[in-house]
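Remarks on the overall topology
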Amino acid sequence: MSKRGAYLCGLVAVLFTASAISAQTKLSPKWEELTAADFRQGIQESKGTCLVPFGILEKHGPHLPLGTDLLNVRYASLHAVEQEYAIVFPEYYFGQIFEAKHEPGTVAYSVELQLKLLQETTDEMARNGCKKIIIVNGHGGNEHLLPFFAQAQMDKPHDYVVYVLDGERSRPGGPAKKSSGVDYHAGENESSNTLVTHPDLVHLDRAAIESGADQKRQNLPEFVYTGIWWYARFPNHYSGDGSAATKELGEWNMLGWISSIVEAIRSVKADDASLKIQNEFYEKAKHPLDTRP
Ligand SMILES: [Zn+2]
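Here's a quick rundown of the structure. Given the structure is predicted, the values throughout are model-derived calculations rather than measurements. (Residues numbered from 1 in each chain as written. Predicted model: local features only at pLDDT ≥ 70, side-chain atom pairs only at ≥ 80, totals over all residues. Heavy atoms only, no water.)

1. Notes on the packing of aromatic side chains
The geometry of two aromatic rings is summed up by the distance between their centres and the angle between their planes. Applying the stated rule across the entire model yields 12 aromatic pairs. Look at Phe54 and Tyr92: their rings are 4.9 Å apart centre to centre, the planes differ by 75 degrees, and that puts the pair in the edge-to-face class. Of the two residues, Phe54 is situated in strand 1 (residues 49–54) and Tyr92 in the loop between strand 2 (87–88) and helix 4 (111–127); the sequence distance between them amounts to 38 residues. Of the two residues, Phe54 and Tyr92, neither departs from the other in class, the shared state being buried. Geometrically, the ring pair formed by Tyr184 and Phe234 is edge-to-face, given 5.9 Å between the ring centres and 80 degrees between the ring planes. Within this pair, whereas Tyr184 is found in the loop between strand 4 (161–165) and helix 6 (188–197), its partner Phe234 is found in the loop between helix 7 (229–233) and helix 8 (247–270), the two being separated by 50 residues in sequence. The class for Tyr184 is partly exposed, based on a relative accessible area of 48%. Residue Phe234 is classed as buried on the basis of its relative accessible area, which comes to 1%. Within the aromatic cluster, the residues linked to one another by ring pairs are Trp31, Phe39, Phe54, Phe89, Tyr92, Tyr93, Phe94 and Tyr109. (Phe/Tyr/Trp six-rings, centres within 6.5 Å; stacked < 30°, edge-to-face > 60°. Helix = DSSP H or I, 4+ residues; strand = E, 2+ residues; numbered from the N terminus. Buried < 20%, exposed > 50% of the residue type's maximum accessible area, 1.4 Å probe, protein only.)

Written out as structure tokens, the structure is:
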């Protein structure tokens, strides 16, 4: 072999070894893809920070898949952890969706099971080292459930903190919207997002065959709440106009969502106050008569 040939061989060997090592050391963020030993390393690397992207199975207008919320929240979460590592729990869709029980494909677990399953899931995550659990909400119907769940952690001592991250909200400053009026569910925003995350699952040509208009069938002041409010306003389980969706709006929305998850992961990793304050609270809650101002 010539001197030059030997040099090239050596160089190839070095490059090959380097890439093999980096393939070995690059940890997957997905819980289910890690080996047991790599999981231990992942917990270290993430500083015990783990995400539960929370979706649902429900109708999304006439044109989007049942799992839209799960698909989109996982897309956003998995892109966020590329920028700031955290372990991502597998597909989780056991949330609040009673208001869509009249539509095909909805899976609505009981209140008891929703709370018990979420509690046992976070307990098990924490037992495995996830001491900071960020629930990334992808479903509007969970917006009361999740703060309630977080609040309920004060009932009994836990050696971990639950952080709840609100769902994606359209930020101002992006491409101008084409539709006007409410856009809560499977409308221009969510359809645009899904055009980015799973374009093959969007049937934009069907988006106008049902109405997503607010039917305003209740006549009550805004500060009076009823469980039927959603069905009264949006009986087709569709709110907004999905036919106005564009990829440009979806890209803007998804970038904003991803960056807010990254920001949340970074601030949660840096948070050394919440667990200490929780522990102080649990201790004092054992003997309230000793609590003095
Ligand atoms: Zn949705």
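2. Considering the coordination of the zinc ion
Those donors, His60 (NE2), Asp69 (OD) and Glu190 (OE), are the protein atoms that reach the zinc ion, and they lie 1.8 to 2.1 Å from it. Each donor residue of the zinc ion lies on the same chain, and together they follow the pattern H-x8-D-x120-E. With a gap of 121 residues between them, Asp69 in helix 3 (residues 68–83) and Glu190 in helix 6 connect regions that are remote in the sequence. For the pair Asp69 and Glu190, one class covers both residues: buried. (Donors = N, O, S within 2.8 Å, 3.2 Å for Na, K, Ca; no water.)

3. A short note on the sheet that holds strand 2
Here four strands make up an open sheet; going across it, the order is 2-1-3-4 and the pairing parallel. Two strands bound the open sheet, and with one partner strand each, they are strand 2 and strand 4. Across six bridges, strand 1 lies against strand 3 (residues 132–137) in parallel orientation. Directly across from Pro53, in strand 3, lies its bridge partner Val136. With respect to the sheet, helix 5 (residues 145–152) is in contact with strand 1, strand 3 and strand 4, its orientation differing from that of strand 4 by roughly 165 degrees. (Pairing = 2+ DSSP bridges. Contact = heavy atoms within 4.5 Å. Axes fitted to C-alpha atoms, helices over the stretch in contact; angles between N-to-C directions.)

4. A closer look at unusual backbone geometry
Not every positive phi belongs to a glycine, and Ala186 is a case in point at roughly 65 degrees. Secondary-structure assignment places Ala186 in the loop between strand 4 and helix 6.

5. Regarding the side chain of Asn142
Considering the arrangement of structural elements, one finds Asn142 in the loop between strand 3 and helix 5. Taking relative accessible area as the criterion, Asn142 reaches 0% and is therefore assigned buried.

6. Overview of the pairing of strand 3
Counted residue by residue, strand 3 has six buried out of six residues, so it is predominantly covered. Because side chains alternate across strand 3, one face comprises the buried residues Lys132, Ile134 and Val136, and the other comprises Ile133, Ile135 and Asn137, equally buried. Here five bridges tie strand 3 to strand 4, and the two strands are oriented parallel to one another. Bridging across to strand 4, Ile135 finds its partner in Val164. The β-α-β motif built from strand 3, the intervening helix 5 and the parallel element strand 4 has right-handed crossover chirality. (Right-handed = clockwise from strand over helix to strand, strands pointing away.)

7. What about the packing of helix 3 against helix 6?
Running from N to C, helix 3 and helix 6 point in directions that differ by 60 degrees, and their axes come no closer than 10 Å. Accordingly, the angle class assigned to the pair helix 3 and helix 6 is oblique. Seen along the crossing, helix 3 lies across helix 6 with a hand that is left-handed. Between helix 3, through Thr68, Asp69, Asn72 and Tyr75, and helix 6, the contact on the second element is made entirely by Glu190, Asn193, Thr194, Val196 and Thr197. Grouping the amino acids of the contact of helix 3 with helix 6 by side-chain chemistry returns two nonpolar, five polar and two charged. (Parallel < 35°, antiparallel > 145°, perpendicular 65-115°, else oblique. Left-handed = near helix turned anticlockwise from the far one by under 90°. Nonpolar A, V, L, I, M, F, W, Y, C, P; charged D, E, K, R; others polar.)

8. Here we look at the environment of Ala245
Its place among the elements puts Ala245 in the loop between helix 7 and helix 8. Contacts of Ala245, omitting those with residues within four sequence positions, involve Glu188, Ser191, Ser192, Leu195 and Leu204.

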